[in-house]
Amino acid sequence: MENRVTKLFNIKYPIIQGGMVWCSGWRLASAVSNNGGLGLLGAGSMHPEMLVEHIRKMKEATEKPWGINVPLLYPEIDRLMDIIIQEDVKIVFTSAGSPKKWTPLLKSHSITVVHVISSALFAKKCEEAGVDAVVAEGFEAGGHNGREETTTLTLIPNVVESCSLPVIAAGGISSGKSVVAAMTLGAEGVQIGTRFAVATESSAHPAFKQRVFDTEEGGTMLALKKLAPTRLIKNEFFNQVKALEDAGAETAQLTELLGKGRAKKGIFEGDMTEGELEIGQIASMLHKEETVSEIMEDIIADFNKTMSKLSDLKL
């Protein structure tokens, strides 16, 4: 396939692996890139020194295009951007903040910039800021979510209509069928998080992967809405958050409960009771660990099979 997304990143397939905290190290990202997609390092869970290590290992592991996801609320964002420029990173996906401050600097160093958004309004602002493409992430997605709670099915056509940028769909996408659906709505690429989060090459703890495989329909919910809306698997920590929210807790109380390192505890260290287990709604559709190569092959085959079936449909 050749479209604006594959041309922008110089990749074979318009499939991007989400830059997820505690999952997206160099092993996962390089595997996705080596299999024709675009792998992203998840800088949100890396100290600056660790990010440098992962960047250099990426350079050794793949000659294909790859990038970094940078949450703009990162506490040492200035240092992170310096590293990205010094290490000659070519592609940056920004999220959780306004792209206006950093996009001009990154573009001045010939870096391709993509921003993650949750509304058509933010898509317009991204276009004004000069980004090269947007990831439109629906309510189904794991981890941090938009306050608008707009589903992917509604969000994608709204964003496509509101701006002229290439649109990458995210949220609830895990199969070739869902890639077809996203493209039918006007997206030119997809970003997949949850399915890659439980891939063999993901750095997530085995206990976390198994918990994802055991998650049934309705097993994730949006929580922490007064801080940053986050989709979580229901566990003891989620129950504590829900109890506080139901009681009308203020931001300070939720911040105290969340503390530090809660996502690391769950996703990376494997504490299924007290950890923050971020994952998307499509967790209930995943039942076994697969390599990145197997995932990519399955998505591509399913996409082509679905397209063949659709060619016979008429109204």
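A. Quick peek at the overall build of the protein chain. Summing up its helical and strand segments, the protein chain has 14 helices and eleven strands in all. In terms of overall size, the protein chain behaves like a compact globule, its C-alpha atoms giving a radius of gyration of 18 Å where 315 residues would be expected to give roughly 20 Å. Each principal axis of the C-alpha atoms in the protein chain carries an extent, and together these give about 50 × 50 × 40 Å. Scored against the burial criterion, the 315 residues of the protein chain give a buried share of 55%.

B. Just the sheet that holds strand β9 (residues 189–192), in detail. A sheet is described by the order of its strands in space; here eight strands give the open sequence β1-β9-β8-β6-β5-β4-β3-β2, paired in parallel fashion. One side of each edge strand has no neighbouring strand; the edge strands of this open sheet are β1 (15–17) and β2 (39–42). The mean angle between the axes of side-by-side strands here comes to 25°, regardless of whether they run parallel or antiparallel. Across the face of the sheet, helix α7 (residues 152–162) comes into contact with β5 (112–117), β6 (133–137) and β8 (167–170) while running at roughly 155° to β6.

C. The arrangement of the pairing of strand β11 (residues 230–233) in detail. Burial along β11 is two-sided: T230 and L232 facing one way and R231 and I233 facing the other are all buried. Summarising the sheet, strand β7 (residues 143–144) and β11 pair through two bridges and their orientation is antiparallel. Across the sheet, G143 pairs through a bridge with R231, a residue of β11.

D. Quick peek at helix α11 (residues 236–246). Three or more residues of α11 are buried, namely F237, F238 and V241. Mapping the buried residues of α11 onto a view down its axis gives an arc of 100°, with all of them on the same face. On the buried face of α11, the contacting elements are β10 (220–223), β11, α12 (251–258) and α13 (262–268). Once α11 ends, the next one or two residues include G248, with phi positive near 80°.

E. Broad picture of the pairing of β2. In β2, alternate side chains face the same way, and those of G39 and L41 on one face and L40 and G42 on the other are all buried. Bridge analysis of β2 against strand β3 (residues 66–71) gives four bridges, and the strand direction is parallel. The residue bridging G42 from the neighbouring strand is N69, located in β3.

F. Highlighting the packing of aromatic side chains. Throughout the structure, instances matching the rule amount to two aromatic pairs. For the pair W22 and F268, a centre-to-centre distance of 5.2 Å together with 40° between the ring planes defines the contact as tilted. Taken together, the positions of W22 in the loop between β1 and α2 (26–34) and F268 in helix α13 put the pair 246 residues apart, joining distant regions of the chain. Since its relative accessible area comes to 17%, W22 is described here as buried. According to the relative accessible area criterion, F268 is partly exposed, its value standing at 37%. When the ring centre of F139 is taken as origin, the NZ or CZ atom of R231, which lies over that ring, is 4.7 Å away.

G. Up close: the sheet that holds β7. Taking strand neighbours across the sheet as the criterion, the three strands line up as β7-β11-β10 in an open arrangement whose pairing is antiparallel. With one partner strand each, in any of the chains shown, β7 and β10 form the two edges of the open sheet. Looking at chain direction, β10 and β11 are connected through four bridges and run antiparallel. Note on β11: the bridge partner recorded for M221 is L232. Of the strands in this sheet, β10 and β11 touch α11, which is tilted by about 45° from β10.

H. Local environment of helix α3 (residues 48–61). The end-to-end C-alpha distance of α3 is 20 Å, a good match for the 20 Å that 14 residues give at a rise of 1.5 Å each. Turning to α3, the residues buried within the fold contact α2, β2, β3 and α4 (77–86).

I. Broad picture of unusual backbone geometry. The backbone of N10 sits at a positive phi, close to 60°, despite the residue not being glycine. Topologically, N10 is positioned in the loop between α1 (4–9) and β1. According to the relative accessible area criterion, N10 is exposed, its value standing at 61%. Its identity as a non-glycine residue notwithstanding, S110 has a phi of 60°, on the positive side. Looking at where S110 falls in the secondary structure, it is placed in the loop between α5 (103–108) and β5. On the basis of relative accessibility, which here comes to 62%, the residue S110 falls in the exposed class.

J. Up close: the pattern of salt bridges. One pass over the full model with this rule turns up 16 salt bridges. Of the charged contacts, one joins E87 and K59 as a salt bridge, the two residues approaching to 3.3 Å between their closest N and O atoms. On the criterion of sequence distance, the pair formed by E87 in the loop between α4 and β4 (91–95) and K59 in helix α3 is long-range, its members being 28 residues apart. With a relative accessible area of 12%, E87 lands in the buried category. Residue classification places K59 among the partly exposed positions, given a relative accessible area of 39%. A salt bridge links E149 to K225; the shortest N-O distance between them is 3.1 Å.

Calculation notes
- Residues numbered from 1 in each chain as written.
- Predicted model: local features only at pLDDT ≥ 70, side-chain atom pairs only at ≥ 80, totals over all residues.
- Heavy atoms only, no water.
- Helix = DSSP H or I, 4+ residues; strand = E, 2+ residues; numbered from the N terminus.
- Rg over C-alpha atoms; globule rule 2.2 N^0.38 Å.
- Buried < 20%, exposed > 50% of the residue type's maximum accessible area, 1.4 Å probe, protein only.
- Pairing = 2+ DSSP bridges.
- Axes fitted to C-alpha atoms, helices over the stretch in contact; angles between N-to-C directions.
- Contact = heavy atoms within 4.5 Å.
- Arc of directions from axis to C-beta.
- Phe/Tyr/Trp six-rings, centres within 6.5 Å; stacked < 30°, edge-to-face > 60°.
- Lys NZ or Arg CZ within 6 Å of the ring centre and 35° of its normal.
- Expected span 1.5 Å × (residues − 1).
- Salt bridge = Lys/Arg side-chain N within 4 Å of Asp/Glu carboxyl O.

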